Amino acid sequence: MLNRPRLRAPITRLARWALTATGEPGATPESLEPRPEGLAVEPSPEPPLDAATEDEQSGQDPEFARELRPAYLACESAAVTRLLYERLSDKDVAAVEQLLRETPGAWDHYAAAPDEASRWHLLLALGMWVGSESLAKKTRLVRVEPPDDVHSMTRGALAAAGGLYEADLIVDALLSVGADMSEVKAGLDFGSSSGRVLRVLHAAYPRATWYGCDPNARAIAWASEVLPGIEFFVNDDAPPLPLQDESLDLAYAISIWSHFAPDLGLVWFEEMHRLLRPGGYLVCTTHGLTSVAYYAEHGHRTLEQSQEIADALYRQGWWYAPEFGDEGDWGVVNPERGTSFITPEWLLAQLCPRWRVFAKAPRRNQDNQDVYVLQRVYALVV
Ligand SMILES: C[S@@+](CC[C@H](N)C(=O)[O-])C[C@H]1O[C@@H](n2cnc3c(N)ncnc32)[C@H](O)[C@@H]1O
(Lines give C-alpha, C1' and ligand atoms only; values in the text may rest on other atoms or scores of the structure.)
Protein backbone atom coordinates (compact mmCIF):
# COMPACT_ATOMS: atom_id res chain seq x y z
CA MET A 1 0.00 0.00 0.00
CA LEU A 2 1.27 3.46 -0.81
CA ASN A 3 1.74 6.21 1.61
CA ARG A 4 -1.30 8.53 1.61
CA PRO A 5 -0.53 12.21 1.92
CA ARG A 6 -2.15 13.96 4.85
CA LEU A 7 -4.84 16.29 3.68
CA ARG A 8 -4.48 19.10 6.16
CA ALA A 9 -1.13 20.82 6.00
CA PRO A 10 0.17 22.63 9.09
CA ILE A 11 1.55 26.12 8.52
CA THR A 12 5.35 26.18 8.55
CA ARG A 13 7.12 28.04 11.31
CA LEU A 14 8.66 30.72 9.16
CA ALA A 15 5.46 31.16 7.17
CA ARG A 16 3.61 31.76 10.44
CA TRP A 17 6.29 34.13 11.61
CA ALA A 18 6.76 35.94 8.35
CA LEU A 19 4.83 39.01 7.38
CA THR A 20 3.88 38.09 3.84
CA ALA A 21 2.46 35.22 1.88
CA THR A 22 4.98 32.65 0.69
CA GLY A 23 6.50 32.78 -2.72
CA GLU A 24 4.31 35.57 -4.01
CA PRO A 25 6.30 38.20 -5.87
CA GLY A 26 5.70 41.77 -4.86
CA ALA A 27 4.48 41.31 -1.29
CA THR A 28 6.08 43.89 0.99
CA PRO A 29 6.04 44.02 4.77
CA GLU A 30 5.55 47.42 6.26
CA SER A 31 8.29 47.00 8.83
CA LEU A 32 11.36 46.76 6.59
CA GLU A 33 12.80 50.08 5.49
CA PRO A 34 14.07 51.27 3.13
CA ARG A 35 11.03 49.73 1.62
CA PRO A 36 12.23 47.05 -0.81
CA GLU A 37 10.50 46.34 -4.08
CA GLY A 38 9.22 43.10 -2.67
CA LEU A 39 10.04 40.93 0.27
CA ALA A 40 9.37 37.49 -1.04
CA VAL A 41 9.26 35.20 1.92
CA GLU A 42 10.56 31.71 1.55
CA PRO A 43 9.48 29.36 4.33
CA SER A 44 11.97 27.48 6.43
CA PRO A 45 12.43 23.75 6.09
CA GLU A 46 9.55 21.94 7.66
CA PRO A 47 9.54 20.12 10.96
CA PRO A 48 10.46 16.45 10.73
CA LEU A 49 7.63 14.32 9.47
CA ASP A 50 6.63 10.98 10.92
CA ALA A 51 9.15 8.38 9.98
CA ALA A 52 6.84 5.44 10.57
CA THR A 53 4.78 4.66 7.51
CA GLU A 54 1.43 2.96 7.14
CA ASP A 55 3.24 -0.10 5.77
CA GLU A 56 5.62 -0.22 8.70
CA GLN A 57 2.79 0.27 11.17
CA SER A 58 0.63 -2.38 9.57
CA GLY A 59 3.51 -4.83 9.10
CA GLN A 60 2.65 -5.14 5.40
CA ASP A 61 5.20 -6.60 3.00
CA PRO A 62 7.27 -3.61 1.79
CA GLU A 63 7.56 -5.34 -1.63
CA PHE A 64 4.09 -4.04 -2.35
CA ALA A 65 5.45 -0.54 -2.13
CA ARG A 66 7.26 -1.22 -5.41
CA GLU A 67 10.02 1.31 -5.88
CA LEU A 68 8.52 4.12 -3.86
CA ARG A 69 10.13 4.36 -0.49
CA PRO A 70 7.10 4.72 1.74
CA ALA A 71 8.63 7.24 4.10
CA TYR A 72 8.76 10.94 4.36
CA LEU A 73 12.00 12.65 3.46
CA ALA A 74 14.11 14.03 6.24
CA CYS A 75 14.14 17.55 4.90
CA GLU A 76 15.44 19.62 7.74
CA SER A 77 19.14 19.93 7.18
CA ALA A 78 19.07 23.14 5.04
CA ALA A 79 22.23 21.69 3.53
CA VAL A 80 22.96 24.40 0.98
CA THR A 81 22.22 27.36 3.24
CA ARG A 82 24.44 25.80 5.87
CA LEU A 83 27.25 25.09 3.44
CA LEU A 84 27.25 28.71 2.25
CA TYR A 85 26.93 30.12 5.78
CA GLU A 86 29.84 28.03 6.98
CA ARG A 87 32.12 29.75 4.47
CA LEU A 88 31.87 32.82 6.69
CA SER A 89 34.11 33.43 9.68
CA ASP A 90 32.72 34.84 12.93
CA LYS A 91 34.18 38.16 11.86
CA ASP A 92 32.35 38.01 8.51
CA VAL A 93 29.06 37.24 10.26
CA ALA A 94 29.60 40.11 12.69
CA ALA A 95 30.28 42.50 9.79
CA VAL A 96 27.06 41.49 8.00
CA GLU A 97 25.12 41.77 11.25
CA GLN A 98 26.46 45.29 11.67
CA LEU A 99 25.16 46.18 8.20
CA LEU A 100 21.76 44.73 9.10
CA ARG A 101 21.68 46.83 12.27
CA GLU A 102 22.26 49.91 10.16
CA THR A 103 19.33 49.12 7.82
CA PRO A 104 15.99 49.98 9.43
CA GLY A 105 13.78 46.93 9.69
CA ALA A 106 16.39 44.42 8.54
CA TRP A 107 17.73 43.76 12.00
CA ASP A 108 14.25 43.20 13.45
CA HIS A 109 13.61 40.60 10.80
CA TYR A 110 16.91 38.88 11.36
CA ALA A 111 16.65 38.94 15.14
CA ALA A 112 13.17 37.38 14.99
CA ALA A 113 14.40 34.25 13.15
CA PRO A 114 12.66 31.33 14.84
CA ASP A 115 15.54 28.87 14.55
CA GLU A 116 19.16 28.52 13.51
CA ALA A 117 18.54 27.54 9.89
CA SER A 118 16.24 30.53 9.43
CA ARG A 119 18.93 32.78 10.91
CA TRP A 120 21.53 31.48 8.42
CA HIS A 121 19.01 31.96 5.62
CA LEU A 122 18.19 35.52 6.68
CA LEU A 123 21.80 36.48 7.14
CA LEU A 124 22.58 35.37 3.59
CA ALA A 125 19.47 36.88 1.99
CA LEU A 126 19.36 40.18 3.87
CA GLY A 127 23.15 40.46 3.81
CA MET A 128 23.07 40.25 0.00
CA TRP A 129 20.17 42.70 -0.03
CA VAL A 130 22.11 45.33 1.91
CA GLY A 131 25.08 44.79 -0.39
CA SER A 132 27.71 43.09 1.74
CA GLU A 133 30.66 42.60 -0.58
CA SER A 134 32.53 40.22 1.70
CA LEU A 135 29.43 38.01 1.91
CA ALA A 136 29.20 37.84 -1.88
CA LYS A 137 32.91 37.13 -2.18
CA LYS A 138 33.05 34.38 0.44
CA THR A 139 29.86 32.60 -0.60
CA ARG A 140 30.03 33.28 -4.39
CA LEU A 141 26.38 34.38 -4.22
CA VAL A 142 25.38 36.98 -6.79
CA ARG A 143 23.36 40.10 -5.99
CA VAL A 144 21.19 40.57 -9.06
CA GLU A 145 17.45 41.02 -9.47
CA PRO A 146 15.60 40.58 -12.75
CA PRO A 147 13.74 43.67 -13.99
CA ASP A 148 9.95 43.51 -13.83
CA ASP A 149 9.61 42.35 -17.43
CA VAL A 150 11.83 39.30 -16.82
CA HIS A 151 10.15 36.26 -15.29
CA SER A 152 11.09 35.37 -11.74
CA MET A 153 9.09 33.54 -9.11
CA THR A 154 10.44 35.71 -6.29
CA ARG A 155 11.87 39.18 -5.92
CA GLY A 156 12.93 41.44 -3.11
CA ALA A 157 14.96 41.28 0.07
CA LEU A 158 14.40 37.66 1.02
CA ALA A 159 15.12 36.56 -2.54
CA ALA A 160 18.31 38.63 -2.80
CA ALA A 161 20.55 35.58 -2.39
CA GLY A 162 18.50 33.59 -4.95
CA GLY A 163 16.39 30.53 -4.29
CA LEU A 164 17.98 29.27 -1.08
CA TYR A 165 14.77 27.55 -0.05
CA GLU A 166 14.53 25.59 -3.31
CA ALA A 167 18.25 24.77 -3.34
CA ASP A 168 17.89 23.35 0.17
CA LEU A 169 14.79 21.45 -0.86
CA ILE A 170 16.62 19.77 -3.75
CA VAL A 171 19.80 18.92 -1.91
CA ASP A 172 18.06 17.86 1.29
CA ALA A 173 15.89 15.52 -0.78
CA LEU A 174 18.95 14.05 -2.49
CA LEU A 175 20.85 13.64 0.77
CA SER A 176 17.88 11.94 2.35
CA VAL A 177 18.08 9.13 -0.24
CA GLY A 178 21.83 8.78 0.20
CA ALA A 179 23.00 10.73 -2.85
CA ASP A 180 26.45 12.26 -2.73
CA MET A 181 26.60 15.83 -4.06
CA SER A 182 30.32 15.49 -4.75
CA GLU A 183 29.37 13.01 -7.48
CA VAL A 184 27.32 15.62 -9.30
CA LYS A 185 29.58 16.71 -12.13
CA ALA A 186 26.80 17.98 -14.39
CA GLY A 187 23.35 19.20 -13.35
CA LEU A 188 20.37 20.68 -15.18
CA ASP A 189 17.69 23.06 -13.93
CA PHE A 190 14.83 22.13 -16.23
CA GLY A 191 12.54 25.19 -16.47
CA SER A 192 15.10 27.44 -14.80
CA SER A 193 13.39 30.74 -15.62
CA SER A 194 15.91 33.50 -14.80
CA GLY A 195 18.06 31.20 -12.68
CA ARG A 196 17.13 31.96 -9.07
CA VAL A 197 17.84 28.37 -7.96
CA LEU A 198 20.76 27.67 -10.27
CA ARG A 199 22.73 30.67 -9.05
CA VAL A 200 22.63 29.26 -5.51
CA LEU A 201 23.64 25.74 -6.54
CA HIS A 202 26.39 27.14 -8.76
CA ALA A 203 27.69 29.11 -5.76
CA ALA A 204 27.48 26.07 -3.50
CA TYR A 205 28.96 23.50 -5.92
CA PRO A 206 31.14 25.50 -8.32
CA ARG A 207 33.06 22.51 -9.65
CA ALA A 208 30.01 21.03 -11.35
CA THR A 209 28.86 22.12 -14.78
CA TRP A 210 25.41 23.65 -14.39
CA TYR A 211 22.88 24.00 -17.20
CA GLY A 212 19.61 25.90 -17.16
CA CYS A 213 16.91 25.84 -19.82
CA ASP A 214 13.51 27.37 -20.32
CA PRO A 215 11.32 28.33 -23.31
CA ASN A 216 11.10 31.86 -21.87
CA ALA A 217 13.75 33.47 -24.08
CA ARG A 218 13.80 36.78 -22.22
CA ALA A 219 14.48 35.10 -18.88
CA ILE A 220 17.24 32.98 -20.41
CA ALA A 221 18.84 35.98 -22.13
CA TRP A 222 18.89 37.95 -18.88
CA ALA A 223 20.29 35.02 -16.87
CA SER A 224 23.00 34.32 -19.48
CA GLU A 225 24.15 37.89 -19.20
CA VAL A 226 24.25 38.30 -15.42
CA LEU A 227 25.14 34.79 -14.25
CA PRO A 228 28.46 33.86 -15.84
CA GLY A 229 29.67 30.30 -15.47
CA ILE A 230 26.21 28.74 -15.94
CA GLU A 231 25.22 27.39 -19.34
CA PHE A 232 21.74 28.66 -20.17
CA PHE A 233 19.77 27.81 -23.30
CA VAL A 234 16.25 28.22 -24.64
CA ASN A 235 14.33 24.99 -25.13
CA ASP A 236 11.27 24.05 -27.16
CA ASP A 237 7.96 22.92 -25.73
CA ALA A 238 8.80 19.32 -26.58
CA PRO A 239 12.05 17.31 -26.49
CA PRO A 240 14.84 16.88 -27.30
CA LEU A 241 17.16 19.16 -25.39
CA PRO A 242 20.54 19.80 -27.03
CA LEU A 243 22.44 17.62 -24.54
CA GLN A 244 24.11 14.24 -25.00
CA ASP A 245 22.65 10.93 -23.82
CA GLU A 246 23.65 10.12 -20.21
CA SER A 247 25.43 13.45 -19.83
CA LEU A 248 23.82 14.49 -16.54
CA ASP A 249 24.17 13.27 -12.97
CA LEU A 250 21.28 15.38 -11.75
CA ALA A 251 18.26 17.16 -13.15
CA TYR A 252 15.73 19.05 -11.11
CA ALA A 253 12.53 20.86 -11.92
CA ILE A 254 10.65 23.13 -9.53
CA SER A 255 7.01 23.70 -10.50
CA ILE A 256 7.43 22.23 -13.99
CA TRP A 257 5.57 18.91 -13.91
CA SER A 258 2.86 20.69 -11.93
CA HIS A 259 2.00 22.41 -15.23
CA PHE A 260 2.40 19.74 -17.93
CA ALA A 261 -0.58 17.90 -19.38
CA PRO A 262 -0.02 14.22 -18.42
CA ASP A 263 1.08 13.07 -21.89
CA LEU A 264 3.55 15.92 -22.31
CA GLY A 265 4.81 15.24 -18.80
CA LEU A 266 5.53 11.62 -19.73
CA VAL A 267 7.41 12.69 -22.85
CA TRP A 268 9.61 14.96 -20.73
CA PHE A 269 10.21 12.20 -18.16
CA GLU A 270 11.46 10.09 -21.06
CA GLU A 271 13.80 12.90 -22.13
CA MET A 272 15.19 13.18 -18.60
CA HIS A 273 15.74 9.41 -18.67
CA ARG A 274 17.78 9.82 -21.85
CA LEU A 275 19.88 12.64 -20.39
CA LEU A 276 20.65 11.14 -16.99
CA ARG A 277 23.37 8.58 -16.58
CA PRO A 278 22.24 5.30 -15.03
CA GLY A 279 21.96 6.01 -11.31
CA GLY A 280 21.40 9.74 -11.95
CA TYR A 281 18.65 11.57 -10.11
CA LEU A 282 15.68 13.69 -11.05
CA VAL A 283 14.10 15.81 -8.30
CA CYS A 284 10.76 17.25 -9.31
CA THR A 285 7.65 18.75 -7.78
CA THR A 286 4.02 18.06 -8.64
CA HIS A 287 0.59 19.05 -7.46
CA GLY A 288 -0.92 16.13 -5.59
CA LEU A 289 -3.77 15.52 -3.19
CA THR A 290 -2.33 17.86 -0.61
CA SER A 291 -2.31 20.66 -3.21
CA VAL A 292 -6.04 20.19 -3.68
CA ALA A 293 -6.47 20.85 0.05
CA TYR A 294 -3.97 23.73 -0.07
CA TYR A 295 -5.78 25.60 -2.84
CA ALA A 296 -9.17 25.03 -1.24
CA GLU A 297 -7.97 26.20 2.17
CA HIS A 298 -6.40 29.33 0.72
CA GLY A 299 -9.48 30.15 -1.34
CA HIS A 300 -7.64 29.79 -4.67
CA ARG A 301 -10.13 27.20 -5.91
CA THR A 302 -13.77 26.70 -5.05
CA LEU A 303 -14.80 23.71 -3.00
CA GLU A 304 -16.77 22.52 -6.01
CA GLN A 305 -13.71 22.55 -8.27
CA SER A 306 -11.53 21.06 -5.53
CA GLN A 307 -14.00 18.19 -5.28
CA GLU A 308 -13.88 17.75 -9.05
CA ILE A 309 -10.08 17.56 -8.97
CA ALA A 310 -10.06 15.16 -6.02
CA ASP A 311 -12.62 12.94 -7.77
CA ALA A 312 -10.50 12.86 -10.93
CA LEU A 313 -7.41 11.98 -8.91
CA TYR A 314 -9.13 9.06 -7.21
CA ARG A 315 -10.73 7.93 -10.49
CA GLN A 316 -7.86 8.28 -13.00
CA GLY A 317 -4.83 9.56 -11.10
CA TRP A 318 -4.59 12.96 -12.78
CA TRP A 319 -6.40 16.23 -13.50
CA TYR A 320 -5.39 18.83 -16.05
CA ALA A 321 -6.73 22.14 -17.37
CA PRO A 322 -5.00 24.51 -19.84
CA GLU A 323 -5.37 27.44 -17.47
CA PHE A 324 -2.80 29.80 -19.01
CA GLY A 325 -5.12 30.41 -21.96
CA ASP A 326 -4.21 32.26 -25.16
CA GLU A 327 -1.80 34.62 -23.39
CA GLY A 328 0.35 31.75 -22.23
CA ASP A 329 2.67 31.85 -19.24
CA TRP A 330 4.64 35.07 -19.60
CA GLY A 331 4.14 34.78 -23.33
CA VAL A 332 5.11 31.09 -23.51
CA VAL A 333 2.00 29.64 -25.17
CA ASN A 334 1.44 25.89 -25.11
CA PRO A 335 -2.01 24.27 -24.81
CA GLU A 336 -0.34 21.25 -23.22
CA ARG A 337 0.77 23.47 -20.36
CA GLY A 338 -1.63 24.67 -17.70
CA THR A 339 -2.25 23.23 -14.25
CA SER A 340 -2.00 19.53 -13.50
CA PHE A 341 -2.41 17.35 -10.45
CA ILE A 342 -1.19 13.74 -10.27
CA THR A 343 -1.21 10.96 -7.70
CA PRO A 344 1.83 8.89 -6.72
CA GLU A 345 -0.02 5.75 -7.84
CA TRP A 346 -0.38 7.15 -11.36
CA LEU A 347 3.25 8.22 -11.44
CA LEU A 348 4.48 4.81 -10.28
CA ALA A 349 2.35 3.03 -12.85
CA GLN A 350 3.83 5.20 -15.62
CA LEU A 351 7.47 5.30 -14.60
CA CYS A 352 8.37 2.00 -13.00
CA PRO A 353 10.43 -0.03 -13.61
CA ARG A 354 12.51 2.23 -15.90
CA TRP A 355 12.72 4.70 -13.05
CA ARG A 356 13.10 4.04 -9.41
CA VAL A 357 10.63 6.33 -7.68
CA PHE A 358 12.89 6.66 -4.71
CA ALA A 359 10.97 8.87 -2.35
CA LYS A 360 8.13 11.29 -2.08
CA ALA A 361 7.57 14.13 0.38
CA PRO A 362 3.94 15.27 0.41
CA ARG A 363 3.48 19.08 0.36
CA ARG A 364 7.22 19.61 0.90
CA ASN A 365 7.39 22.51 -1.56
CA GLN A 366 5.79 25.64 -0.09
CA ASP A 367 3.41 23.55 2.01
CA ASN A 368 1.71 22.68 -1.28
CA GLN A 369 3.49 20.62 -3.95
CA ASP A 370 4.81 17.09 -3.49
CA VAL A 371 8.51 16.48 -4.04
CA TYR A 372 9.71 13.29 -5.73
CA VAL A 373 13.21 11.87 -6.02
CA LEU A 374 13.47 9.63 -9.07
CA GLN A 375 16.49 7.63 -10.10
CA ARG A 376 17.27 6.28 -13.53
CA VAL A 377 17.73 2.58 -12.83
CA TYR A 378 21.15 1.10 -13.55
CA ALA A 379 19.90 -1.90 -15.51
CA LEU A 380 16.73 -3.87 -15.80
CA VAL A 381 17.04 -7.50 -14.73
CA VAL A 382 14.46 -9.53 -16.64
C1 LIG B 1 6.42 28.12 -12.20
S2 LIG B 1 7.78 28.59 -13.17
C3 LIG B 1 9.14 27.90 -12.26
C4 LIG B 1 10.45 28.47 -12.63
C5 LIG B 1 11.66 27.94 -11.86
N6 LIG B 1 11.71 26.50 -11.87
C7 LIG B 1 11.66 28.46 -10.44
O8 LIG B 1 11.31 27.70 -9.53
O9 LIG B 1 12.01 29.62 -10.26
C10 LIG B 1 7.60 27.48 -14.54
C11 LIG B 1 8.64 27.64 -15.60
O12 LIG B 1 8.50 26.58 -16.55
C13 LIG B 1 8.84 27.09 -17.80
N14 LIG B 1 8.40 26.17 -18.88
C15 LIG B 1 7.28 26.20 -19.62
N16 LIG B 1 7.27 25.21 -20.55
C17 LIG B 1 8.43 24.54 -20.38
C18 LIG B 1 9.04 23.44 -21.06
N19 LIG B 1 8.45 22.80 -22.07
N20 LIG B 1 10.26 23.04 -20.65
C21 LIG B 1 10.89 23.67 -19.63
N22 LIG B 1 10.36 24.70 -18.94
C23 LIG B 1 9.15 25.14 -19.32
C24 LIG B 1 8.18 28.45 -17.80
O25 LIG B 1 8.64 29.29 -18.84
C26 LIG B 1 8.54 28.92 -16.39
O27 LIG B 1 9.77 29.60 -16.36
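Parameters and conventions
- Residues numbered from 1 in each chain as written.
- Predicted model: local features only at pLDDT ≥ 70, side-chain atom pairs only at ≥ 80, totals over all residues.
- Helix = DSSP H or I, 4+ residues; strand = E, 2+ residues; numbered from the N terminus.
- Buried ≥ 20, exposed ≤ 12 C-beta atoms within 10 Å, placed from the backbone.
- Contact = placed C-beta atoms within 7 Å.
- Near = placed C-beta within 6 Å.
- Nonpolar A, V, L, I, M, F, W, Y, C, P; charged D, E, K, R; others polar.
- Pairing = 2+ DSSP bridges.
- Axes fitted to C-alpha atoms, helices over the stretch in contact; angles between N-to-C directions.
- Right-handed = clockwise from strand over helix to strand, strands pointing away.
- Expected span 1.5 Å × (residues − 1).
- pLDDT = per-residue confidence, 0-100.
- Core = buried A, V, L, I, M, F, W, Y, C linked by C-beta atoms within 7 Å.
- Parallel < 35°, antiparallel > 145°, perpendicular 65-115°, else oblique.
- Left-handed = near helix turned anticlockwise from the far one by under 90°.

## Overview of the overall build of the chain
Stage number 1. Per the secondary structure count, the chain includes 14 helices and nine strands.
Stage number 2. Residues counted as buried form 47% of the 382 residues belonging to the chain.
Stage number 3. Counting only contacts in the chain whose residues sit at least 6 apart along the sequence, the fraction spanning at least 24 positions is 70%.

## Thoughts on the site of the ligand
Stage number 1. Around the ligand, the structure places 20 residues, and the nearest of them are Gly191, Ser193, Asn216, Ile254 and Ser255.
Stage number 2. For the shell around the ligand, a count of residues per class yields seven nonpolar, seven polar and six charged.

## Comments concerning the sheet that holds strand E2 (residues 209–214)
Stage number 1. Taken in spatial order, the seven strands line up as E3-E2-E1-E4-E5-E9-E8 in an open sheet, and their pairing is mixed. Across the chains shown, the open sheet's two edge strands, defined by having one partner strand only, are strand E3 (231–234) and strand E8 (355–365). On average, adjacent strands in this sheet sit at an angle of 15° to one another, irrespective of strand direction.
Stage number 2. Note that strand E1 (residues 186–190) and strand E4 (residues 248–253) share three bridges and pair parallel. Paired with Asp189 across the strands is Tyr252, a residue of E4.

## Describing the pairing of E3
Stage number 1. Note that E2 and E3 share four bridges and pair parallel. Across the sheet, the residue bridging to Asp214 is Val234, located in E3.
Stage number 2. Taking the sense of rotation as the criterion, the β-α-β connection linking E2, helix H10 (residues 217–226) and E3 turns out right-handed.

## What to know about helix H6 (residues 116–129)
Stage number 1. Helix length check: H6 (14 residues) gives 20 Å between terminal C-alpha atoms against 20 Å at 1.5 Å per residue, within 8%.
Stage number 2. Among the 14 residues in H6, 12 count as buried, and that is most of the element.
Stage number 3. Regarding H6, the residues found buried are Ala117, Ser118, Trp120, His121, Leu122, Leu123, Leu124, Ala125, Leu126, Gly127, Met128 and Trp129.
Stage number 4. A positive backbone phi angle near 85° is found at Gly131, which sits one or two residues after H6.

## A short note on the confidence of the model for the chain
Stage number 1. Confidence along the chain averages 82 in pLDDT terms, with 79% of residues attaining 70 or more.
Stage number 2. Per-residue pLDDT stays below 50 along residues 1–75; that stretch engages in 165 contacts with residues further than four places along the chain or on separate chains.

## Considering the nonpolar core
Stage number 1. If you look at the biggest cluster of nonpolar residues, it comprises 95 residues, and the most contacted ones within it are Leu124, Ala125, Ala251 and Val283.
Stage number 2. Residues within four places of Leu124 in sequence aside, it is in contact with Thr81, Leu84, Tyr85, Thr139, Leu141, Ala161 and Leu164.

## Brief notes about the packing of helix H4 (residues 90–102) against H6
For any two helices packed against each other, one specifies the crossing angle of their axes together with the interaxial distance.
Stage number 1. Across the interface, H4 lies against H6 with an axial gap of 10 Å and an inter-helix angle of 60°. It follows from the interaxial angle that H4 and H6 lie oblique. Every pair of crossing elements has a handedness; the one defined by H4 and H6 is left-handed. Here Val93, Val96, Leu99 and Leu100 of H4 lie close against H6, whose contacting residues are Leu123, Leu126 and Gly127.
Stage number 2. By residue class, the composition of the contact of H4 with H6 is six nonpolar, one polar and no charged.

## Overview of the environment of Glu102
Stage number 1. Among the structural elements, Glu102 can be located in helix H4.
Stage number 2. Accessibility expressed as a C-beta count within 10 Å gives 10 for Glu102, which makes it exposed.
Stage number 3. Sequence spacing of Glu102 and Val130 is 28 residues, and the spatial spacing of their C-alpha atoms is 9.4 Å.

## Quick notes on the pairing of E4
Stage number 1. In terms of burial, E4 is largely enclosed, as six of its six residues are buried.
Stage number 2. In the sheet, E4 pairs with strand E5 (residues 276–286) via five bridges, with the strands oriented parallel. Within E5, the residue paired with Ala251 across the bridge is Leu282.
Stage number 3. With helix H11 (residues 262–275) bridging E4 and its parallel neighbour E5, the resulting β-α-β unit is right-handed.

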